[in-house]
Amino acid sequence: MEGLMSFQAQSVRAVSREQSSPVEASAVTPFDNTLPSKVLDVWQNASAVCFDVDSTVCIDEGIDEFAEFCGAGKAVAEWTARAMNGSVPFEDALAARLSLINPSLSQLQDFLKRPPRLSPGIDLLVKKLKDKKKDVYLVSGGFRQMINPVASILGIPLENIFANQMLFGSNGESAGFDKNEPTSRSGGKPTAVQQIKKAHGYKSVVMIGDGATDLEARMPGGADLFICYGGVQLRESVAAKADWLVFNFKDLINSLENWELTAPFRGCKIQVPTKFVVGDLDATYNVPGTKEYIHNGGFKKEVPNWQEGVVMEEVAHFINQEKPDEINAHIYDFIQRF
């Protein structure tokens, strides 16, 4: 029974999580009702995938780490949080942070001697995408100087980077940033994705990131799908509007690997009489939007012969181990009806 719960919640809502403490459903507004078959279809058939870098491809926020290195960490981190939550125009936040850091070229060169910290699984995901002939781009509000080493590690061509450029004077002093880069201002990521899509004639493009500027990329002519990665930072206002929320890149890798195997069953409904049993502490059951989906009619659409639902109290995912007698009684009672 718990296997049915995991399959339905993850494949129908297209929401998954691998963390010990689930987000309460009340903490985030319910996700939109995008059908998972459509979400997965776009993901599987996308011509290109664009990744945000900070807190997505990399564990760190690059500009925050650089600020800490230069002695301006706390003040800059506050501006980063505002920018990622969409509460201030991005160009204002970028200018303010760079002004606070006021870096020299030599400081940047010393900082870049430290290797970037990649998010777990991102190297395997990028490889899987390239194996499936999907082009990969890095679209970031961060700086090219910090992103170039990341692209090199992942085997992404430098021309596939859309990011900002720190400028320096003849003596190595800070001279701000290149304001001609589309990612240097609000609305920049949608513009970058639109340029990518138009230049290469891609039929569909997916954007993966954690912040409000990444969500913006899902605009007419831009990204056809926005996947929110919450494995480093969960920004609730962004996650609530995502087409798909994941906390582990393994979910995306698995979906690419399993899609061909499950193709014959795509769109199939569970037609047999069904009794659904789940624990109230199950992490998947507590993913935002899942309870609404199960109890407000969405589940019934996929399981038209669903006859009964039971939520067991004080039980997590492994209900057959935690309360074996009760779960066996539920199963026996249901079978006896036929």
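Please read these numbers as outputs of a predicted model, since none were measured by experiment.

A. Just unusual backbone geometry, in detail. With phi around 45°, asparagine 102 is a residue other than glycine that occupies positive phi space. Here asparagine 102 lies in the loop between helix H5 (90-101) and helix H6 (105-111). Phi is positive for glutamate 314, close to 60°, though the residue is something other than glycine. Examined against the element boundaries, glutamate 314 turns out to sit in the loop between strand E10 (306-312) and helix H15 (319-322). On the accessibility criterion, glutamate 314 (60% relative accessible area) is exposed.

B. Just helix H7 (residues 122-131), in detail. Among the residues of H7, Ile122, Leu125, Val126 and Leu129 are the ones counted as buried. Buried residues of H7, viewed axially, fall in a sector of 95°; they line one side. Lysine 133, located one to two residues past H7, shows a positive phi value of around 65°.

C. Spotlight on the UniProt feature "active site" (unreviewed entry) in the protein chain. Annotation from UniProt places "active site" (unreviewed entry) at Asp52 and Asp54. One can find aspartate 52 in the loop between strand E1 (48-51) and helix H3 (62-69). If near-sequence neighbours (up to four positions away) are discounted, aspartate 52 is found in contact with Val57, Val139, Ser140, Lys189, Met207, Ile208, Gly209, Asp210 and Asp214. A polar side-chain atom of aspartate 52 sits 3.2 Å from a polar atom in the side chain of threonine 56. For aspartate 54, the position within the fold is in the loop between E1 and H3. Setting aside residues up to four positions removed in sequence, aspartate 54 forms contacts with Asp60, Glu61, Gly62, Ile63, Gly142 and Asp210.

D. Representation of H3. For H3, every residue scored as buried is listed here: Gly62, Ile63, Asp64, Phe66 and Ala67. Phi turns positive, to about 90°, at glycine 71, one or two residues after H3.

E. Spotlight on the side chain of threonine 56. Residue position: threonine 56 is located in the loop between E1 and H3. If we skip the residues at most four places from it in the chain, threonine 56 touches Ser119, Ile208, Gly209, Asp210, Tyr229 and Phe249.

F. Layout of the pattern of salt bridges. Using the criterion set out here, one finds 16 salt bridges in the structure. Of the charged contacts in the structure, one is a salt bridge between lysine 275 and glutamate 308, with a shortest N-O distance of 3.9 Å. Remark: glutamate 308 occurs in strand E10 and lysine 275 occurs in strand E9 (residues 274-279); sequence separation between them is 33 residues. Residue classification places lysine 275 among the buried residues on the basis of a relative accessible area of 3%. A relative accessible area of 24% means that glutamate 308 is categorised as partly exposed. Residues joined by salt bridges that share partners form a network here, namely Lys275, Glu308, Asp333 and Arg337.

G. Structural context of the packing of helix H4 (residues 73-85) against H5. The N-to-C vectors of H4 and H5 enclose an angle of 170°; their axes lie 9 Å apart at closest approach. Here H4 is positioned roughly antiparallel relative to H5, judged by the angle of their axes. Residues Ala75, Val76, Trp79, Thr80, Ala83 and Met84 of H4 touch H5, and the partners they reach there are Phe90, Asp92, Ala93, Ala96, Arg97, Leu100 and Ile101. Here the contact of H4 with H5 is composed, by residue class, of 10 nonpolar, one polar and two charged.

H. Structural view of the packing of aromatic side chains. Tallied over the entire structure, the rule returns nine aromatic pairs. Centroid distance tyrosine 137 to tyrosine 202: 6.2 Å. Interplanar angle 70°. Geometry classified as edge-to-face. Taken together, the positions of tyrosine 137 in strand E2 (residues 135-143) and tyrosine 202 in the loop between helix H9 (188-200) and strand E6 (205-209) put the pair 65 residues apart, joining distant regions of the chain. Tyrosine 202 gets classed as buried once you look at its relative accessible area, which sits at 11%. Members of the aromatic cluster, each reached through a chain of ring pairs, are Phe276, Tyr293, Phe299 and Trp306. Arginine 82 extends its terminal NZ or CZ atom over the ring of tryptophan 79, reaching a point 4.7 Å from the ring centre.

Cut-offs used in this document
Residues numbered from 1 in each chain as written. Predicted model: local features only at pLDDT ≥ 70, side-chain atom pairs only at ≥ 80, totals over all residues. Heavy atoms only, no water. Helix = DSSP H or I, 4+ residues; strand = E, 2+ residues; numbered from the N terminus. Buried < 20%, exposed > 50% of the residue type's maximum accessible area, 1.4 Å probe, protein only. Arc of directions from axis to C-beta. UniProt positions renumbered as here; feature names shortened; annotations may be inferred. Contact = heavy atoms within 4.5 Å. Polar contact = N/O pair within 3.5 Å; in protein donor to acceptor, adjacent residues only side chain to side chain. Salt bridge = Lys/Arg side-chain N within 4 Å of Asp/Glu carboxyl O. Axes fitted to C-alpha atoms, helices over the stretch in contact; angles between N-to-C directions. Parallel < 35°, antiparallel > 145°, perpendicular 65-115°, else oblique. Nonpolar A, V, L, I, M, F, W, Y, C, P; charged D, E, K, R; others polar. Phe/Tyr/Trp six-rings, centres within 6.5 Å; stacked < 30°, edge-to-face > 60°. Lys NZ or Arg CZ within 6 Å of the ring centre and 35° of its normal.

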